[in-house]
Amino acid sequence: MPKTNRQVRAARAEAARIKAAEARAAAKRAERRRQVIIASISVAVVLVVLAVIVVIGLTHKSKNNAGGAALAPASVVTGVTKVSGSTFDKVGAGASQQTVPKALKGAPPLTSGGKPEVLYIGAEYCPHCAAERWPLAVALSRFGSFDGLGVTKSSSLDVPASVPTLTFHGATYTSKYLTFVGKEHQSNKVVGNNYATLDKLTSQEQTLFTKYGGSSYPFVDLGNKWTVGQQFDPAMLTGKSQTEIAQALNDPSTPLAKAIDGAANTMTAAICRLTNNQPTNVCTSSGVTAAAGRLASG
Amino acid sequence: MSRTVATTPRAASPSVGTVPRWLPIVTTALSVLGLGVAAYLTFEHYTGNSTLSCSENGLINCLKVTTSPESRIVGIPVAVLGLAFFAGILPLQLPVAWRAGRPWAQLRLAGLVVGVGMVAYLVYTELVTIDAVCLWCTAVHVITILLFAVTVVGTALVGGFERTAARR
């Protein structure tokens, strides 16, 4: 049966509505696609910005030198971290007047990451810390390796003045036997009426520093079994360069080797007790065995 | 084929289109993960980092980062800021929030823009100022970036940007 004019008009109107709806839907899909592309580009831009920041950070050569310290020259690093076994053995316990670690009785073991921890708290301005860093760095280098050791001097306003030394600020230490935390609590730069704060102490470090170190720099806590402060006279170091000191460490006849390597042997003996005499070649060496005789039981 | 959840027809406020089911699930899971890591870092912060589980291997040194002066911003520990961020963003990533109107989508995006900005600042601070990287913090950063990416693309997928575009 033929359609009436009214039916034809209704069919045309319906077709137009469908076409318009399809056009709207297509436009909406296109708009959404455009939004997804814009959103994806935005995310990509953010990722690129973050990647640039990471690249800048990783290629950033200078270490964090808020204390004004420079990185230790290779000759100093080698001299400190590569003292020969024969030198250690010849020096043995070192100079008789040197201070030995004091045993801590009944303190809970200080550990970190499942390993015994050696904690150093000092300040870059402090001349006694300047002396103590040398044997500590020498001893720790027998159990692991440092990265980013710096060189600096103690304050020119203190006595003895301007003692050449290393700094643990900005340095990292890696060892499979122990963990070392080295905090330079204050720098050697005066800000206002005091030396600037450098490395912040955790509440646990602050407690140990107060309880076992009497809040006095330097404080070396060997796994809460022994503590030690300054082991030899910092005046021995004045007037020398870090390179000269580092070279002297490998000559067992020099007073500096006797003082620094001897102190390092004593600390090594204490650390060996924490690491169950590992590594064996270090802990059973004659120099360490001789130094262990001076070590009070902890 | 992905299933979708239809928006409620009764929504009076400007609403978004159909929300793929995977979208709120992924964003909620990422938010919960971020909240967990931020809670761990906050716990460590307030217990002196005594049980912080992280190796100290060259550039990787969590303790150095979490005890640095930069670990606080205007006196507030960064770990706490991270916890607050994920605690705030989590409700906005729930399925009900995705189905809600545009103000919630805008709030969600604004929060994540702030979060990503914070990540950029913290990554720069770790690498340039502190010279150490905290793996737990990196985990939080990665989660935040993933959350940002999924949320931005997801918002576009459900037409969350369309009204703004139509006004132009």
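Residues numbered from 1 in each chain as written. Chains lettered and ligands numbered in written order. Predicted model: local features only at pLDDT ≥ 70, side-chain atom pairs only at ≥ 80, totals over all residues. Heavy atoms only, no water.

1. Observations regarding the overall build of chain A
Next up, step 1: Assigned secondary structure in chain A consists of 9 helices and 12 strands.
Next up, step 2: The contacts in chain A between residues at least 6 apart in sequence include a share of 73% that link residues at least 24 apart.
Next up, step 3: In the form shown here, chain A has an accessible surface area of approximately 13900 Å², with 57% of it arising from carbon and sulfur atoms. (Helix = DSSP H or I, 4+ residues; strand = E, 2+ residues; numbered from the N terminus. Contact = heavy atoms within 4.5 Å. Areas by Shrake-Rupley, 256 points an atom, 1.4 Å probe, with all protein chains shown as cover.)

2. Details of the packing of aromatic side chains
Residues and elements named next belong to chain A.
Next up, step 1: Evaluation of the coordinates by the stated rule reveals 12 aromatic pairs over all chains.
Next up, step 2: Both rings, one in Tyr-125 and one in Tyr-195, keep their centres 4.1 Å apart while their planes meet at 5 degrees; by these two values the pair is stacked. In this pair, Tyr-125 sits in the loop between strand S4 (115–123) and helix H4 (127–140) while Tyr-195 sits in strand S10 (residues 194–197), placing the two residues 70 residues apart along the sequence. The two residues Tyr-125 and Tyr-195 agree in class, both being buried.
Next up, step 3: Both rings, one in Tyr-173 and one in Phe-180, keep their centres 5.8 Å apart while their planes meet at 85 degrees; by these two values the pair is edge-to-face. Of the two residues, Tyr-173 and Phe-180, both sit in the buried class.
Next up, step 4: Members of the aromatic cluster, connected to one another through ring pairs, are Tyr-120, Phe-146, Phe-168, Tyr-173 and Phe-180. (Phe/Tyr/Trp six-rings, centres within 6.5 Å; stacked < 30°, edge-to-face > 60°. Buried < 20%, exposed > 50% of the residue type's maximum accessible area, 1.4 Å probe, protein only.)

3. What about the confidence of the model for chain A?
Next up, step 1: Considering every residue of chain A, the mean pLDDT works out to 89; 95% of them sit at 70 or more.
Next up, step 2: Note that residues 61–66 of chain A has pLDDT below 50 and, in this model, 12 contacts with residues that lie over four places away or in other chains. (pLDDT = per-residue confidence, 0-100.)

4. What about the interface of chain A and chain B?
A common way to express how large an interface is: the accessible area buried when the components associate.
Next up, step 1: Residue-level contacts link 33 residues of chain A with 36 residues of chain B.
Next up, step 2: Taken over both partners, the interface formed by chain A and chain B buries close to 2800 Å², and the fraction arising from carbon and sulfur atoms is 63%.
Next up, step 3: Where chain A meets chain B, there are 0 salt bridges.
Next up, step 4: Across the contact surface, chain A and chain B share 0 residue pairs in polar contact (both at pLDDT 80 or more).
Next up, step 5: Secondary-structure elements contributing two or more residues to the side of chain A that touches chain B are helix H1 (5–58), strand S8 (172–174), strand S9 (179–191) and helix H5 (203–213) of chain A.
Next up, step 6: Tallied by class, the residues present in the side of chain A that touches chain B amount to 13 nonpolar, 12 polar and 8 charged. (Buried area = accessible area lost by both parts, 1.4 Å probe. Salt bridge = Lys/Arg side-chain N within 4 Å of Asp/Glu carboxyl O. Polar contact = N/O pair within 3.5 Å; in protein donor to acceptor, adjacent residues only side chain to side chain. Nonpolar A, V, L, I, M, F, W, Y, C, P; charged D, E, K, R; others polar.)

5. A look at the pattern of salt bridges
Residue and element names in this part refer to chain A.
Next up, step 1: Scanning all chains against the criterion turns up 4 salt bridges over all chains.
Next up, step 2: Glu-31 is paired through a salt bridge with Arg-34; the nearest N and O atoms lie 3.3 Å apart. With Glu-31 and Arg-34 both in helix H1, this residue pair falls 3 residues apart, about one helical turn.
Next up, step 3: Residue Arg-34 is classed as partly exposed on the basis of its relative accessible area, which comes to 37%.
Next up, step 4: With its nearest N and O atoms 2.6 Å apart, the salt bridge here joins Lys-183 to Glu-205. You can see Lys-183 sitting in strand S9 and its partner Glu-205 sitting in helix H5, a full 22 residues away along the chain. For the pair shown, Lys-183 and Glu-205 are each scored as buried.

6. Quick notes on the side chain of Thr-144 of chain B
Residue and element names in this part refer to chain B.
Next up, step 1: Tracing the backbone shows Thr-144 in helix H6 (residues 135–157).
Next up, step 2: In this structure the side chain of Thr-144 is engaged in a polar contact, spanning 2.8 Å, whose partner is the backbone oxygen of Val-140.
Next up, step 3: The contact partners of Thr-144, leaving out residues within four places of it in the chain, are Phe-85, Phe-86, Leu-112, Gly-115, Val-116 and Val-119.

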